[in-house]
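# Analysis of the macromolecular model
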Amino acid sequence: MSTENNTHTSARESAAEHTLRMRLQALPTEAPDVDRLPAVLTALEATPASVTASHVNPRVRVWAGACAAAASLALVLVWKLPTPANSETSVPTAEVLTQRNGSTEQVLKQRSGSTEQLTADAELMALMERSRVAEADFLAARESTRTSIREWENQQLATLALHDLDRQLERHAMETRSSTADPTARRLWQARVQTLDDANQGRLYARVRYVD
Amino acid sequence: MKPTSATTFHSTLDGRELSACRDREPSALSVVYRRYQNAVYTLCLRLLGEREAALDHMQESFIDAFENLRTYRADAPFGAWLRAIVVHRCLRTLRNQKSLSSLDQSEQSILEHALAPDTISRLEQSHDLLAALNGLKPKMRAVLWLYFVEGYSHEEIASAFAQSLSFSKSTVARGALAVRTQLEPHHVH
């Protein structure tokens, strides 16, 4: 009796599932009410065909572009900025030398005159003070530029690392139709999370520069 | 019985189309986009249940596919390759939406959600299968669709959701029961 009931129940379930499957498969295909083709083409234009930046978060794409622009600006700044006078590796620019030497000669010439001794000393002191201030400004600007470059490099490293991990994940998913089911996928996902965390903390730069 | 997808991912690209798309020729990309956009959109809509999210995922899926055409080896139909990308992207979103623990709820709580008064009221008016589908929790709806329509096996679903085999089987069973119950309010089980 019990077996007979189970058989009936199973047959009924099977028929019901079959009906459900048929009805689901008969559902019509729907069309989007917004054309996203222009957005797709625009996004592709932003990425060269030779670069397969797959599965990068759109925000990362935007951030990478901004970082590239910031890096260009930083490099221009480094190129244009004067070099400090007292730096061991620096060479004063011609303009600075002319200004400085010219002024010093004037001061020395003035110092030779007994009546203008005090004025010349004061001018010399003022000149040295201006030089010190300019030097401090330069050092601050250089540090700021280095920070910008370091941040950009951090983001650049993050982007490259994420590209690589995402491509591995995608390839893995294509091959196995899974993404988190096995140790390889789990390891990749954990590496991705860690990379994002490192990037947010600015640790990628430090890892490459000081650990590796 | 081999399920036949309600969406049309069965076609592929010929060599010239593939080459042009790899070279990012806008006209070729547009043709391919137009050919598959309804299929991609429908799949996204069925898996995610929201039009806006479906549009976003359709867009990102096409970008993913076009950017990765170099990795497409053409040993399977392009449609199947594209569908894998779409499913992968949608499931990633579903996984991130909420912990999978929501699927570990008792059958009763799932049915209670599916049979909420407003859902029943809506269904009494339309008796619409789509409404029944959309009454399910997102991950259950996705599992149901992948199993019944896209032809995924229990093993593949379990793998995609990083869950056990019994997770897929029980979710399909509970989902089917919930849909049938909604479509047939006096369904006796």
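Note that the coordinates shown come from a computational prediction; the quantities given were computed from them, not determined experimentally.

## Examining the overall build of chain B
When its secondary structure is counted, chain B shows 10 helices and 0 strands. Each helix and strand of chain B, ordered N terminal to C terminal, gives the series α-α-α-α-α-α-α-α-α-α. Looking at chain B as a whole, 59% of its 189 residues qualify as buried. Taking contacts inside chain B between residues at least 6 apart in sequence as the whole, the part at least 24 apart equals 69%.

## Structural notes on the environment of Leu 18 of chain B
Residues and elements named next belong to chain B. For Leu 18, the position within the fold is in helix H1 (residues 15–22). Separated by 54 residues in the primary sequence, Leu 18 and Tyr 72 have C-alpha atoms spaced 9.5 Å apart. Setting aside anything within four residues of it in sequence, one finds Leu 18 in contact with Leu 13, Leu 69, Tyr 72 and Ala 74.

## Remarks on unusual backbone geometry
Residues and elements named next belong to chain B. A positive phi angle, near 60°, is found at Arg 24, a position not held by glycine. Assignment of secondary structure puts Arg 24 in the loop between H1 and helix H2 (26–48). Taking relative accessible area as the criterion, Arg 24 reaches 14% and is therefore assigned buried. For Ala 162, which is not glycine, the phi torsion reads 55° and is therefore positive. Within the secondary structure, Ala 162 is located in the loop between helix H9 (154–160) and helix H10 (165–183).

## Comments concerning the state of the cysteines
Residues and elements named next belong to chain B. Tallying each qualifying case throughout the model produces 0 disulfides over all chains. The thiol of Cys 44 is unpaired, and the distance to the nearest cysteine sulfur, on Cys 90, comes to 3.8 Å. Overall, Cys 44 belongs to the buried group, its relative accessible area being 0%.

## Remarks on the pattern of salt bridges
Per the stated rule, a full pass over the model turns up 10 salt bridges over all chains. Between Arg 46 of chain B and Glu 30 of chain A there is a salt bridge, with the nearest N and O atoms lying 3.2 Å from each other. With Arg 46 of chain B in helix H2 and Glu 30 of chain A in the loop between helix H1 (2–25) and helix H2 (37–45), this residue pair bridges two chains. Among the residues examined, Arg 46 of chain B registers a relative accessible area of 5% and is labelled buried. Residue Glu 30 of chain A is classed as buried on the basis of its relative accessible area, which comes to 14%. Ionic pairing is found between Glu 129 of chain A and Arg 132 of chain A, a salt bridge with its closest N-O pair at 2.9 Å. With Glu 129 of chain A and Arg 132 of chain A both in helix H5 (residues 117–176) and 3 residues apart, this pair spans about one turn of that helix. Via salt bridges that share partners, Glu 30 of chain A together with Arg 46 and Arg 51 of chain B belong to a single interconnected network.

Here is what the cut-offs are and how they apply
- Residues numbered from 1 in each chain as written.
- Chains lettered and ligands numbered in written order.
- Predicted model: local features only at pLDDT ≥ 70, side-chain atom pairs only at ≥ 80, totals over all residues.
- Heavy atoms only, no water.
- Helix = DSSP H or I, 4+ residues; strand = E, 2+ residues; numbered from the N terminus.
- Buried < 20%, exposed > 50% of the residue type's maximum accessible area, 1.4 Å probe, protein only.
- Contact = heavy atoms within 4.5 Å.
- Disulfide = S-S within 2.5 Å.
- Salt bridge = Lys/Arg side-chain N within 4 Å of Asp/Glu carboxyl O.

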